[in-house]
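If you want the building blocks of each chain, they are given just below.
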Amino acid sequence: MLKIDKLNRLTASHGPLERGHGMVTGVIALGLSILCFLGVIAFHFPQYLTTPQLRQSYDVAVIRQVMLVALVIAGSLSLFNIIRGRSRWLAFASFVLVAATLAWGGHKVPVNDFADNTPYIGLDWFILDLLGSTLIFVFIEKLFALRREQPVFRAEWQTDFHHFIVNHMVVGFILLATNLLVHKFFGWAANDGVRGWVANLNFWVALFLIVLVADLVQYWTHRAYHEVPLLWRLHAVHHSVKSMDWLAGSRQHILELLITRTLVLAPIYVLGFSKEVIDAYIVVVGFQAVFNHANVSVRLGPLRYLIVTPNFHHWHHSQDDEAIDKNYAAHFAFLDYLFGTAVKADRKWPDQYGVVGDYVPNGFFKQLKFPFVWKG
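Since this is a predicted model, take the numbers as computed values, not measurements. (Residues numbered from 1 in each chain as written. Predicted model: local features only at pLDDT ≥ 70, side-chain atom pairs only at ≥ 80, totals over all residues. Heavy atoms only, no water.)

1. What to know about the overall build of the protein chain
Worth spelling out the cut-off: Numbering of helices and strands runs from the N terminus; a helix is a DSSP stretch of H or I covering at least four residues, while a strand is a stretch of E covering at least two. Here the globule rule is a power law, 2.2 Å times the number of residues to the power 0.38, and the radius of gyration is based on C-alpha atoms. The buried label goes to any residue with under 20% of its type's maximum accessible area, the exposed label to any with over 50%, and the partly exposed label to all in between, with areas taken from a 1.4 Å probe on protein chains only. For this analysis, residues touch if any pair of their heavy atoms sits within 4.5 Å. Here, Shrake-Rupley sampling with a 1.4 Å probe gives the accessible areas, and only protein chains in the shown set may cover a residue. Counting rule applied: Lys, Arg positive; Asp, Glu negative; His and chain ends not counted. Positions of charges follow a simple convention, taking NZ of Lys, CZ of Arg, CG of Asp or CD of Glu.
When its secondary structure is counted, the protein chain shows 17 helices and zero strands. Its C-alpha radius of gyration of 22 Å places the protein chain within 12% of the 21 Å reference for a compact globule of 376 residues. By its C-alpha atoms, the protein chain is 60 × 50 × 45 Å across when sized along the principal axes. Here the protein chain holds 376 residues, and 47% of them are scored as buried. Contacts spanning at least 24 positions in sequence make up 79% of the contacts within the protein chain whose residues lie at least 6 apart. Summing over all exposed atoms, the protein chain offers an accessible surface of approximately 19,300 Å²; the carbon and sulfur share of this is 67%. Between the averaged position of the 31 positive side-chain charges in the protein chain and that of its 26 negative side-chain charges there is a distance of 7 Å.

Right under this line is the structure:
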């Protein structure tokens, strides 16, 4: 019972982890052991816990090896801390999860044929994205930190992590809903001749075109969220984050996510880009969406006028007067310069983030209902 209380206090806290007492290695071991345990559950119930579109893209054998490596690391770190007497309560929790994962088959769980049309949640998408994002972006943030004093577990990280969990778990609903909406409202615009021409474009030309088209839609949609009061109710949730890092971009109301993805997907569907180009675009947008919110100092010199960088997007989240309703683009910064909405500032970085007046409540469920109860 004492161990559970300590774990609850740990997950409810924020700030830098105490060094030299097994907290850093303990948290790494706990995180990996939780992901492994969730992974073994997904292996047992793939028809309900994995995303059909995603499982067509990854190699199960590679996933098994990744799980094995994670189990070895988590088990070794937790066992080492138990032997050394360093944060044993934390190490013991990790060790129990590793043991439970192994007892349930570990990375060797056989996956037999299963139905492909069952209702599902995106547990596999959550596991892979969380593992990949932390490995890549926490490392980048430590290597090129903008605010070195900002810890990994900064204030309000729990709220953003809850958004991360939900937005990944409902990926099936989002995919189904956006596809239905796109076909219903934009299917009439599809032209076989245009789609055939676009599908046969050179890969790099098509990739540039899909990113440009998507960003043009993203720009005007994003601008509408700021200029239309009803839409701002949704978008204010995203802007309420007060610390910028790789997790900050996850704070997004589910209705905004649905609306934006539908509008961005519409021209992609209508123009008929090939699957290879769409897959590449998904990688680009996935990386940039996280990277542009990250706590990193990378300005790219003159390229910052062409490509959206963390510096460019951090200004968009600023409370500073010169940054209000500016820097809307997601990929190509030149769109804001073209349409006259680029920030003009003497400083390289903004001073403060969040919504002016700080009227959006903290907490996932409070933010979920905020657009419908706000009296502003």
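2. Describing the pattern of salt bridges
Any two side chains of opposite charge can pair, so long as their charged atoms come close to each other. Rule in force here: What makes a salt bridge here is a side-chain nitrogen of Lys or Arg within 4 Å of a carboxyl oxygen of Asp or Glu, nothing more.
One pass over the full model with this rule turns up eleven salt bridges. K242 is the partner of D358 in a salt bridge, and the nearest nitrogen-oxygen pair spans 3.3 Å. Of this pair, D358 sits in the loop between α16 (334-339) and α17 (364-373) while K242 is found in the loop between α12 (229-239) and α13 (254-271), placing the two residues 116 residues apart along the sequence. Residue D358 is classed as partly exposed on the basis of its relative accessible area of 45%. A single network of salt bridges, built from pairs that share partners, joins R154, E156, D160, K242, D245, R251 and D358.

3. Some remarks on the nonpolar core
How we decide: Residues belong to one nonpolar core when they are buried, are Ala, Val, Leu, Ile, Met, Phe, Trp, Tyr or Cys, and are joined through side-chain atoms within 4.5 Å.
Core analysis: the largest hydrophobic core is formed by 30 residues, its most contacted members being L35, L123, F126, L130, F137, F164 and W246. Sorting the residues of this core by element identifies α2 (23-44), α5 (60-84), α7 (123-143), α8 (157-169) and α14 (275-291) as the ones contributing at least two each. Setting aside chain neighbours within four positions, we find F126 in contact with L35, L38, F161, F164, I165, H168 and M169. Grouped together as the second largest cluster of nonpolar side chains are 21 residues, A206, I210, L212 and Y328 included.

4. Side note on the packing of aromatic side chains
As a reminder, the rule being used: Each Phe, Tyr or Trp ring (for Trp, its six-membered ring) is paired with any other whose centre lies within 6.5 Å, and the angle between the two planes then decides the class: stacked below 30 degrees, edge-to-face above 60, tilted in between. Working rule: Lys NZ or Arg CZ, within 6 Å of ring centre, within 35 degrees of ring normal, means a charge sits over the ring.
For the structure on display, the rule yields 21 aromatic pairs. For the ring pair F45 and W104, a centre distance of 6.5 Å and an interplane angle of 65 degrees mean the geometry is edge-to-face. Highlighted residues: F45 in the loop between α2 and α3 (46-49) and W104 in the loop between α6 (88-103) and α7, separated in sequence by 59 residues. Here F45 falls in the partly exposed class, since its relative accessible area comes to 38%. Taking the centre distance of 5.0 Å and the plane angle of 65 degrees together, the rings of F153 and W157 count as edge-to-face. According to the relative accessible area criterion, F153 is partly exposed, its value standing at 24%. Its end group placed over the ring of F43, R64 keeps NZ or CZ at 4.6 Å from the ring centre. The cationic tip of R195 hangs over the ring face of Y269; the distance from NZ or CZ to the ring centre is 5.0 Å.

5. Things to note about the environment of R88
Within the secondary structure, R88 is located in helix α6. Relative accessible area serves as the criterion here: at 48%, R88 is assigned to the partly exposed category. Separated by 66 residues in the primary sequence, R88 and G22 have C-alpha atoms spaced 8.3 Å apart. Once residues lying within four places of it in the same chain are set aside, the contact partners of R88 are N81, I82 and I83.

6. A few points about α17
Think of an α-helix as 3.6 residues a turn; residues three or four steps apart then line up on the same face. Convention followed: The reported arc concerns the directions from the helix axis to the C-beta atoms and nothing else.
Those residues of α17 that fall on the buried side of the exposure criterion are F364, Q367, F370 and P371. Buried residues of α17 fall within an arc of 100 degrees about the axis and therefore sit on the same side. When the buried face of α17 is taken as reference, the exposed residues oriented beyond 90 degrees from it are F365 and F372. Its buried side turned inward, α17 meets α8 and α12.

7. Looking at the packing of α12 against α17
The criterion, for reference: Simply put, an axis is a line fit to the C-alpha atoms, just over the touching stretch for a helix, and the angle between two N-to-C directions goes from 0 to 180 degrees. The labels follow the angle: roughly parallel below 35 degrees, roughly antiparallel above 145, roughly perpendicular from 65 to 115, and oblique for the rest. Handedness of a crossing is defined here by the sense of rotation of the near helix relative to the far one, left-handed for an anticlockwise turn of less than a right angle and right-handed for a clockwise turn.
At a minimum axis distance of 8 Å, the contact between α12 and α17 shows a crossing angle of 155 degrees. Judged by the angle between their axes, α12 and α17 are roughly antiparallel. For the pair α12 and α17, the crossing hand works out as right-handed. Here R233, L234, A236 and V237 of α12 come into contact with α17, specifically with Q367, F370 and P371.

8. What about the layout of surface pockets?
Heads up, the condition is: Detection works on a 1 Å grid of protein atoms alone, calling trapped sets that fit a 1.4 Å probe cavities and calling open sets with protein on both sides within 12 Å along at least five of seven lines pockets, with lining residues defined by an atom within 4 Å of a point. Grid points are joined across faces, edges and corners, and a volume is the space filled by probe spheres set on the points. Gly is placed with the polar residues, together with every amino acid not listed as nonpolar (Ala, Val, Leu, Ile, Met, Phe, Trp, Tyr, Cys and Pro) or charged (Asp, Glu, Lys and Arg).
The volume enclosed by the second largest pocket comes to roughly 1,600 Å³. Along its surface, the second largest pocket is lined by 46 residues, and V27, I28, G31, V152 and F153 are the ones closest to its centre. Of all the secondary structure elements, the ones that give two or more residues to the lining of the second largest pocket are α1 (2-12), α2, α5, α6, α7 and α8. A per-class count over the lining of the second largest pocket returns 31 nonpolar, ten polar and five charged.

9. Here's the deal with helix α9 (residues 171-186)
Put simply, the test is: In a helix, the anticipated span is given by 1.5 Å times the number of residues less one.
In a regular helix each residue adds 1.5 Å, so 16 residues correspond to 22 Å; α9 covers 21 Å between its end C-alpha atoms and thus fits that length. Buried residues belonging to α9 abut α7, α8 and α13.

10. Here's the deal with the side chain of N295
Our working definition: Under the rule applied, a polar contact is a pair of N or O atoms within 3.5 Å (in protein, one hydrogen donor and one hydrogen acceptor; residues adjacent in sequence only if both atoms are side-chain atoms).
You can see N295 is positioned in the loop between α14 and α15 (310-316). For N295, a relative accessible area of 4% translates into the label buried. A polar contact of 3.0 Å, which involves the side chain of N295, links it to the backbone nitrogen of R147. Dropping the residues within four chain positions of it, N295 is found in contact with E141, F144, A145, L146, R147, Q150, M244 and D245.

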